There are 6 protein chains.
Amino acid sequence: PTSLVETGQNRVIDASLTLIRERAKLKGELVRLIGGAKATTALLGVPLGHNSSFLEGPALAPPHVREAIWCGSTNSTTEEGKELKDPRVLSDVGDIPVQEIREMGVDDDRLMKVVSESVKLVMEEEPLRPLVIGGDHSISYPVVRAVSEKLGGPVDILHLDAHPDIYDRFEGNYYSHASSFARIMEGGYARRLLQVGIRSINKEGREQGKRFGVEQYEMRTFSKDRQMLENLKLGEGVKGVYISIDVDCLDPGFAHGVSHFEPGGLSFRDVLNILHNLQGDLVGADVVEYNPQRDTADDMTAMVAAKFVRELAAKMSK
Amino acid sequence: PTSLVETGQNRVIDASLTLIRERAKLKGELVRLIGGAKATTALLGVPLGHNSSFLEGPALAPPHVREAIWCGSTNSTTEEGKELKDPRVLSDVGDIPVQEIREMGVDDDRLMKVVSESVKLVMEEEPLRPLVIGGDHSISYPVVRAVSEKLGGPVDILHLDAHPDIYDRFEGNYYSHASSFARIMEGGYARRLLQVGIRSINKEGREQGKRFGVEQYEMRTFSKDRQMLENLKLGEGVKGVYISIDVDCLDPGFAHGVSHFEPGGLSFRDVLNILHNLQGDLVGADVVEYNPQRDTADDMTAMVAAKFVRELAAKMSK
Amino acid sequence: PTSLVETGQNRVIDASLTLIRERAKLKGELVRLIGGAKATTALLGVPLGHNSSFLEGPALAPPHVREAIWCGSTNSTTEEGKELKDPRVLSDVGDIPVQEIREMGVDDDRLMKVVSESVKLVMEEEPLRPLVIGGDHSISYPVVRAVSEKLGGPVDILHLDAHPDIYDRFEGNYYSHASSFARIMEGGYARRLLQVGIRSINKEGREQGKRFGVEQYEMRTFSKDRQMLENLKLGEGVKGVYISIDVDCLDPGFAHGVSHFEPGGLSFRDVLNILHNLQGDLVGADVVEYNPQRDTADDMTAMVAAKFVRELAAKMSK
Amino acid sequence: PTSLVETGQNRVIDASLTLIRERAKLKGELVRLIGGAKATTALLGVPLGHNSSFLEGPALAPPHVREAIWCGSTNSTTEEGKELKDPRVLSDVGDIPVQEIREMGVDDDRLMKVVSESVKLVMEEEPLRPLVIGGDHSISYPVVRAVSEKLGGPVDILHLDAHPDIYDRFEGNYYSHASSFARIMEGGYARRLLQVGIRSINKEGREQGKRFGVEQYEMRTFSKDRQMLENLKLGEGVKGVYISIDVDCLDPGFAHGVSHFEPGGLSFRDVLNILHNLQGDLVGADVVEYNPQRDTADDMTAMVAAKFVRELAAKMSK
Amino acid sequence: PTSLVETGQNRVIDASLTLIRERAKLKGELVRLIGGAKATTALLGVPLGHNSSFLEGPALAPPHVREAIWCGSTNSTTEEGKELKDPRVLSDVGDIPVQEIREMGVDDDRLMKVVSESVKLVMEEEPLRPLVIGGDHSISYPVVRAVSEKLGGPVDILHLDAHPDIYDRFEGNYYSHASSFARIMEGGYARRLLQVGIRSINKEGREQGKRFGVEQYEMRTFSKDRQMLENLKLGEGVKGVYISIDVDCLDPGFAHGVSHFEPGGLSFRDVLNILHNLQGDLVGADVVEYNPQRDTADDMTAMVAAKFVRELAAKMSK
Amino acid sequence: PTSLVETGQNRVIDASLTLIRERAKLKGELVRLIGGAKATTALLGVPLGHNSSFLEGPALAPPHVREAIWCGSTNSTTEEGKELKDPRVLSDVGDIPVQEIREMGVDDDRLMKVVSESVKLVMEEEPLRPLVIGGDHSISYPVVRAVSEKLGGPVDILHLDAHPDIYDRFEGNYYSHASSFARIMEGGYARRLLQVGIRSINKEGREQGKRFGVEQYEMRTFSKDRQMLENLKLGEGVKGVYISIDVDCLDPGFAHGVSHFEPGGLSFRDVLNILHNLQGDLVGADVVEYNPQRDTADDMTAMVAAKFVRELAAKMSK
């Protein structure tokens, strides 16, 4: 019954994209109606975890992160004073129904196209800019692809992670979460790629870095590089800056809820100092690899992921 | 901008229902194509938790339960030998995007109609029968309403719970998870309502029970009632049997992942003995109130909720 | 400066007893004022843990148990319908400041006299009857001593525990929590002593049982003894019944928050069936050995200890 | 029976104050007897948690913190060599029976007066100086009020916290734990108020700061402010220095046992560097907001709170 | 360097067997010296976990179980009064250095021969009888093989487990922990094989059961089978009885520390009732599949596994 | 039967040493065969925990640490690019069967000689150098003794710890884990002893430090000492450098799995910066005091201990 399955898949994918389009349109109209916003952060959840090499928990993350963003235990102001309850600062477009689409047998090529498509639907609604909640790191490729294609050129990428995620293939998977930045560089979607927090990298990781001209800042030299990293200027001469944060850039002491424990990482404040001082037009971002199944009993790392989202939104919205 | 919001809400609700309709249709067609199934269990997730009186974690349950149903640590055969990988035994229609709909400001009346509507969409696809994964217990009302209206008459309900959930109002909320069975009885959707596992009930709970002629079997007398409860015959002369399982019917020792700890509950085997020996045509069911935020570090109660779903599916599918 | 220390100890002990007396008097007056109560359960916390052979956590229990009794996640009605918010059913006299007294260097003899004294202060206020929240099991001796002396004669004791706690001495400590029932029997404060749930007992435990004529019902024979134990008639011809529940009478599966894990214990429902069917005038009770430091992340065993207190109160108040 | 309740409340409050007075007197006499102490740290527990906006667990803290101060796993010497077993360095006056007083229906005004009264009772016993173990942050107001009134003038306050706690009202509660420093500044009890570790502050928080001339050092600029903060000189020209530590000034990675997870906080060593280098006469201090219900399985944050108490005592005692 | 590796492997295997032989000989001599023992339980640890289909934690079990057997929180008497400190009741032969042997590249055939060889070394020392601590269930095959070969004939086996572990092959592994009882039956080492607690079994599991004439008692019918199972008589006309306990025969509520959560299992007391009432000469036993990495924070399931070992030892020693 | 026990002990000790000798010989031969290695790190597990003053869990550590070194969630390259799968970089000699030896009644003197003996057996196999996985800190004395005796002279020691472990006796135990460095200095096995991370030290700890000329760098002055500590040059003029890492040198936020929580410690990155920049010939090392029973649910601190082992191996092998 391939035809039956195919038509079914098309209709379910259409329905999914319609859901995203309608929500993006409503949020865009609302923000434009209130007026005064040059850029609004639009949350888009991508609950995708099957491209992970170890644990698939990150697929469960988006609803946990949302719940932590608005949970009663913290106020709705960002560190630099932006009010997240203002739809012009933060609007929510909801989740792509990834599980429902995959469960229909849709292959990864097509699924990743749906992800790119959804990001473009958000960007079509001026002044919405996509902030994607993962999901494992494989989603950064389709998201950066969409942002770059939509803006008509490459971006500069600030990538915070314990791993370079730049293998050509990992366990034979083209879309592996450990290869997303190889895909991005091959696609020409990024001019400069700065990787910060790296501390689990092998020969191939360094060679691929050299091959793509990646600026890899390893934790081994962080105390020396800190000064420069807390005064970055990116995006000039390209379409802007894209920031991708893998929660395991932090030392596991600060973030239990991750699949890979890599001791010797950044503190949360290290990351905020880099973010707050970064100069550049933030056109897209993602927060990936939070794994609720490895979190402490009261979802502490959900609050960590949520605060990354809140502070990125403050940076992106203007 | 009420008109803007309203049209936005309508379009998002339509897109949500379309998503459910398409998936139900595909699954129905698939099952009918293979042929030989009189009844197929169709999973429908309702990630709704705002009608809870204490904790809202149950909204996060559906993806955790699905992950546990198919997780590698157990095989795909039910205790009585049914093969869950056969789409004629178990098909998955996905989740209603409740958070996305609520976030648009849609009120509860309309939201509950979307739930009922979705259940009907599933039932329109012979031979699919709805097995709903909650979400808190407030969803049983719209689900039972849909099943009864669709079948054109009342059903007999077997309700396993620590609480009777039959207050007229709780904290003023018409749709409170503690009032769903008052709504059901007022609506005339149930002829007989048997409540088993009850051990947290006050005067109003008992009076409402008398008022609606509910057969309330409290844990205090379970050792006497066991014999009768393990030989139930339900659904004769009405449209069939509906089973609603609140995970907190179990003693907290067997199910940590619940919002309300009520010591002195049923064991998992007590519930299975009742289910396996029940005679009657199972036309609908739900498994509600699993709360991932209260579960042990390795999602043990997700496996408990998942096995309830698996054994209900074995009972319902034929 | 012994004199200084002594006078200081006296004055602190007096102040402690005054605090208990004032609270007991107020609660007694309140209950008598409302009228209609023959017996009111009065909670008395004894945060004492230094007589434990393994862990001292039980000293932290009373505030955790109180918080669980009134916590928002459960209603205030007992299984048989008594309303705990009615001061005639349940009144709270507060905690004996054990840590403050011990920290002054007061020895155990004197400390245990303060415990007995406090219980008597409660009993002086008709119709208050003492329900003590432990603390480790060493406190049952001073409590039973006070109840029996106050009523002028022995009581029958139903003692639920994994251990007989009837060593003559344990690690040389006269007041060890493993010797409290030897002290009680030596004192002649109990006619019949029934020990239920026993499953960790050595030769000395059995010999001491024979010596004191204790009816020891071990878990090995519980399925045979159940019938008799669920139809007990106690207290005839003596001053009434005293019930002492060590939370580790339960299987560790139902009660993580205990110092000693003894697999193969009672279920919570087993204990309630014995309690509900017991015929006799309940004149005093205690719930001991809950250890918050061994509890699950969300204080599940605090709810278990709290429900023992609630159901004992329902039994005692009339 | 208002008169009955009133007299009851008076007598219970008197008994409570007597208990504190007697213990303070004994400890004072003991220290004076040994001689040689200009200042002795006196621990006073205030188990109060109902003024919290989110979780009430901090009410359970004092006994957990005490147990951690003396637990066998660490020695009794502070980092700078003071011996905590010397009563002239550290004496314990015990807990104010807050639960017992509140349970009598005593309102917050009166309860906070009892807290102030108790602090004064401690200060009357030269050379005892109050180190209060919370309890939520609402208790800092009555404690600072008492210290300032007793010394006859304002103090300089060093306040370590993720939140400024300086709302005029929070959820309408005059005594909210989020308003204690507005109360303190209105009362004129503080000349300089330095707030360090702030990272969750909204417009009102900043406006109130400006209104009261508060020096607010946010985590955003901590790397720049560190140099100055590790060389503070306070208390000159006023009655001395008061230090208030909210355990959530630390990054949640270092302190799980708190109600509000605010990523990006101080490390324990950051705080000790500030404390050890501070020049000033420490006349009072508090350690608040440790929540045992959110702590790891083996009370790790109790050890964090206990070490704050130990090092503050080393600073205060001379 | 195959020759080098081979000679190395031989010498390491010889050294391992020498270690077991020497310890068994010493223990045997000691017991024979004291005299009066017809059968002494000899503990033998087999830390092997690589034949697991899901998690490999069971390889870490033996030292955790030993620590729990002797931990201070419980006394050293079994439920029926045997004193475990008596070397004639319980002697310990130590662990087979499985990791060291495997790490040398020794294949499974040879490794399993070392296991069988070690068991025979124990049995050579009259009156020692082997009680093996797993390790995953794959070790039951080499252990039963050794017992049966040593005694010169088949035994009757009582096998407590959620799974029948009787696949012909599982994931292609001849020694899979899910195939050990196929290996045993093929080898003719067992006459009767009773499997109790089964609740996760598919078509192949039932067919293989029929093929080998296995008596499979599923949890579905346990309430009916209980009577018969609590009065078993085994081992007549063969070389005796062998008992194999997979800790996951228990409901996960009683045993968190297992790889596979299968709700609806036995209680600990259910298993003890079967063990205590079993009539037969117990010639060997094993306790397998305890997984320390899935246990609660304070190793509760280690105590469960330890008590199985203690009660089996009481049964085996005479 | 002393003679029996003695001969038994001798034979078991011989068998244990034979096991170590055979494995060391095989690994040495293998490495020499491949060629090109001047120094190869050889892992040696010493599962010894009875010399701990508080908890004995560290005896369970070695298998957990090994499992974490090779677990699938991280790659096998060290931060500076060494490939751990190369036997010339890292070879494993297995565990000394400490429990089996102790259980035979062997006293500590003899046991510690077996530890020294085993280390020497490793060092006899050029180019193997010992990296010992503890076990509690008492094992550093026999290991350093063996290294120094084997090399024929003292070494310089870099000791990372919260405690100086230099008491003359602790609780009367000559081999206490709190006295290992007094034993080492008395034995003349170390010229310079640098202790870094110290933050729990009393008068005796400082006096013993002065007496032995120990360079004690306390956390109080770490920000000042960092510069010097990250540029150490050790081992000149003696036999090389020995590094001993007690996992509790880290702040408990980074390492839950330890017996003693001492807030205010080093971060993992602080330690790596010291290690990576240290100049000196590393001739031996140990990683001790990891306690699996205090670790988080998913063995996070096992990964911390494993990464210390991996980075030490990278430093030692050349």
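Reading the values: the criteria
- Residues numbered from 1 in each chain as written.
- Chains lettered and ligands numbered in written order.
- Predicted model: local features only at pLDDT ≥ 70, side-chain atom pairs only at ≥ 80, totals over all residues.
- Heavy atoms only, no water.
- Helix = DSSP H or I, 4+ residues; strand = E, 2+ residues; numbered from the N terminus.
- Rg over C-alpha atoms; globule rule 2.2 N^0.38 Å.
- Contact = heavy atoms within 4.5 Å.
- Areas by Shrake-Rupley, 256 points an atom, 1.4 Å probe, with all protein chains shown as cover.
- Lys, Arg positive; Asp, Glu negative; His and termini not counted.
- Charge placed at Lys NZ, Arg CZ, Asp CG, Glu CD.
- Pairing = 2+ DSSP bridges.
- Axes fitted to C-alpha atoms, helices over the stretch in contact; angles between N-to-C directions.
- Salt bridge = Lys/Arg side-chain N within 4 Å of Asp/Glu carboxyl O.
- Polar contact = N/O pair within 3.5 Å; in protein donor to acceptor, adjacent residues only side chain to side chain.
- Nonpolar A, V, L, I, M, F, W, Y, C, P; charged D, E, K, R; others polar.
- Phe/Tyr/Trp six-rings, centres within 6.5 Å; stacked < 30°, edge-to-face > 60°.
- Buried < 20%, exposed > 50% of the residue type's maximum accessible area, 1.4 Å probe, protein only.
- Least-squares fit on C-alpha atoms with pLDDT ≥ 70 in both.
- Expected span 1.5 Å × (residues − 1).
- Parallel < 35°, antiparallel > 145°, perpendicular 65-115°, else oblique.
- Left-handed = near helix turned anticlockwise from the far one by under 90°.

Engineer: Can you tell me about the overall build of chain A, naming the residues and giving the values?
Structural biologist: Tallying secondary structure elements over chain A gives 10 helices and 8 strands in all. For 318 residues, the compact-globule estimate of 2.2 N^0.38 gives 20 Å, and the C-alpha radius of gyration of chain A, at 18 Å, lies within 12% of that figure. Summarising its shape, the C-alpha atoms of chain A cover approximately 55 × 45 × 45 Å along the three principal directions. Taking as baseline every contact in chain A between residues at least 6 positions apart, the subset at least 24 positions apart corresponds to 79%. Accessible surface, chain A as shown: approximately 9400 Å² in total, 49% of it carbon and sulfur. Charged side chains of chain A number 38 positive and 48 negative; the gap between the two group centres comes to 5 Å.

Engineer: With reference to specific residues and values, describe the arrangement of the chains.
Structural biologist: In this structure chain B stays clear of chain D, and the shortest span between their C-alpha atoms is 12 Å. A gap remains between chain A and chain E, with no contact made and the closest C-alpha atoms lying 12 Å from each other.

Engineer: Give me the lowdown on the sheet that holds strand E2 (residues 90–95) of chain B, citing residues and values where you can.
Structural biologist: Residue and element names in this part refer to chain B. Across the sheet, 8 strands lie side by side as E2-E1-E3-E8-E7-E4-E5-E6; this open sheet has parallel pairing. At either end of the open sheet lies a strand with only one pairing partner, and these are E2 and strand E6 (215–218). Recorded for the sheet is a direction-independent mean angle of 15° between the axes of neighbouring strands. Judged from the 5 bridges that link them, strand E4 (residues 155–160) and strand E5 (residues 190–198) form a sheet pairing that is parallel. Bridge pairing in E5 links Leu160 to Val196. Each of strand E3 (128–133), E4, strand E7 (241–246) and strand E8 (282–288) is contacted by helix H5 (residues 140–151), which is oriented at about 170° to E7, the strand it contacts most. Each of E4, E5 and E7 is contacted by helix H9 (residues 268–277), which is oriented at about 165° to E4, the strand it contacts most.

Engineer: Could you give me a rundown of the interface of chain A and chain B, with the residues and numbers involved?
Structural biologist: Listed as interface residues are 34 residues of chain A and, on the opposing side, 34 residues of chain B. Linking chain A with chain B are 8 salt bridges, by the criterion used here. Among the salt bridges present, the one from B:Lys27 reaches A:Glu103, with a minimum N-O distance of 2.5 Å. In this structure, the connection of chain A to chain B is made through 15 residue pairs in polar contact (both at pLDDT 80 or more). At the level of elements, helix H1 (2–34), helix H2 (61–70), strand E2 (90–95) and helix H3 (98–103) of chain A are the ones that each hand at least two residues to the side of chain A that touches chain B. The greatest single-element share of the side of chain A that touches chain B, amounting to 17 residues, is contributed by H1(A). Tallied by class, the residues present in the side of chain A that touches chain B amount to 16 nonpolar, 6 polar and 12 charged.

Engineer: So what's going on with the packing of aromatic side chains? Which residues, and what values?
Structural biologist: All names here are of chain E. Scanning the model with the defined rule gives 36 aromatic pairs over all chains in all. Arranged with centres 6.4 Å apart and planes meeting at 35°, the rings of Tyr141 and Tyr175 form a pair that is tilted. Of this pair, Tyr141 sits in helix H5 (residues 140–151) while Tyr175 sits in the loop between strand E4 (155–160) and helix H6 (180–186), placing them 34 residues apart in sequence. Take Tyr141 and Tyr175: they sit in the same class, and that class is buried. Between Tyr167 and Phe170, the aromatic rings sit 5.1 Å apart at their centres with planes inclined by 40°, giving tilted as the arrangement. Take Tyr167: its relative accessible area is 14%, and that puts it in the buried class.

Engineer: Any chance you could break down the relation of the copies chain A and chain B for me, citing the residues and the numbers?
Structural biologist: With an axial shift of 0.0 Å and an RMSD of 0.0 Å, the rotation relating chain A to chain B amounts to 180°. This pairing of chains is accounted for by a two-fold axis. Judged by C-alpha distance, A:Ala15 is the residue of chain A that lies nearest the rotation axis, at 3.0 Å. A shared interface surface links the copies, since 100% of the contact residues of chain A are contact residues in chain B too.

Engineer: Talk me through unusual backbone geometry; I want residue IDs and the actual numbers.
Structural biologist: For the bond running from A:Glu126 to A:Pro127, omega is -5°, close enough to zero to count as cis. Here A:Pro127 shows up in the loop between helix H4 (108–124) and strand E3 (128–133). Following D:Gly134, the chain continues to D:Gly135 via a peptide bond in cis, the omega torsion being 0°. Relative to the assigned elements, D:Gly135 resides in the loop between strand E3 (128–133) and helix H5 (140–151). With phi around 50°, A:Glu171 is a residue other than glycine that occupies positive phi space.

Engineer: Could you give an account of the sheet that holds E4(E), with specific residues and numbers?
Structural biologist: Residues and elements named next belong to chain E. Spatial ordering of the open sheet is given by E2-E1-E3-E8-E7-E4-E5-E6, a layout of 8 strands whose pairing is parallel. Looking at strand neighbours, the two that pair on one side only are strand E2 (90–95) and strand E6 (215–218), the edges of this open sheet. The average angle at which neighbouring strand axes cross in this sheet is 15°, direction not considered. Where strand E3 (residues 128–133) and strand E8 (residues 282–288) come together, 3 bridges link them in parallel fashion. Residue pairing in the sheet places Leu131 in a bridge with Ala285 of E8. Across the sheet, helix H9 (residues 268–277) is in contact with E4, strand E5 (190–198) and strand E7 (241–246); its angle to E4 comes to roughly 165°.

Engineer: Which residues make up H5(D), and what values go with them?
Structural biologist: In an α-helix, one turn spans 3.6 residues, which is why side chains three or four residues apart end up on the same side. Residues and elements named next belong to chain D. Given a rise of 1.5 Å per residue, 12 residues ought to cover 16 Å, and the 16 Å separating the end C-alpha atoms of H5 matches this to within 8%. Of all 12 residues in H5, 9 are buried, a share of seventy percent or more. The elements touched by buried residues of H5 are helix H4 (108–124), E3, strand E4 (155–160), helix H6 (180–186), strand E7 (241–246) and strand E8 (282–288). Gly152 sits one or two positions beyond H5 and adopts a positive phi of about 75°.

Engineer: Can you lay out the packing of helix H4 (residues 108–123) of chain F against helix H5 (residues 140–151) of chain F for me, pointing to particular residues and giving the numbers?
Structural biologist: Residues and elements named next belong to chain F. Where H4 contacts H5, the axes come no closer than 8 Å and their chain directions differ by 45°. On the basis of the axis angle, H4 is oblique to H5. In the packing of H4 onto H5, the handedness of the crossing is right-handed. Between H4 and H5, the residues in contact are Met112, Lys113, Val115, Ser116, Val119, Lys120 and Met123 and Pro142, Val143, Arg145, Ala146, Val147, Glu149, Lys150 and Leu151, respectively.

Engineer: So what's going on with the environment of E:Thr18? Residues and values would help.
Structural biologist: All names here are of chain E. Inspection of the secondary structure puts Thr18 in helix H1 (residues 2–34). We classify Thr18 as partly exposed; its relative accessible area is 26%. Spatially, the C-alpha atoms of Thr18 and Ser118 are 9.3 Å apart, while their sequence positions differ by 100 residues.

Engineer: Go over the packing of H1(A) against helix H1 (residues 2–34) of chain B, please, and point to the residues and values.
Structural biologist: The N-to-C vectors of H1(A) and H1(B) enclose an angle of 170°; their axes lie 9 Å apart at closest approach. Considering their axes alone, H1(A) and H1(B) lie roughly antiparallel with respect to each other. The residue inventory of the contact of H1(A) with H1(B), partitioned by class, reads 16 nonpolar, 6 polar and 10 charged.

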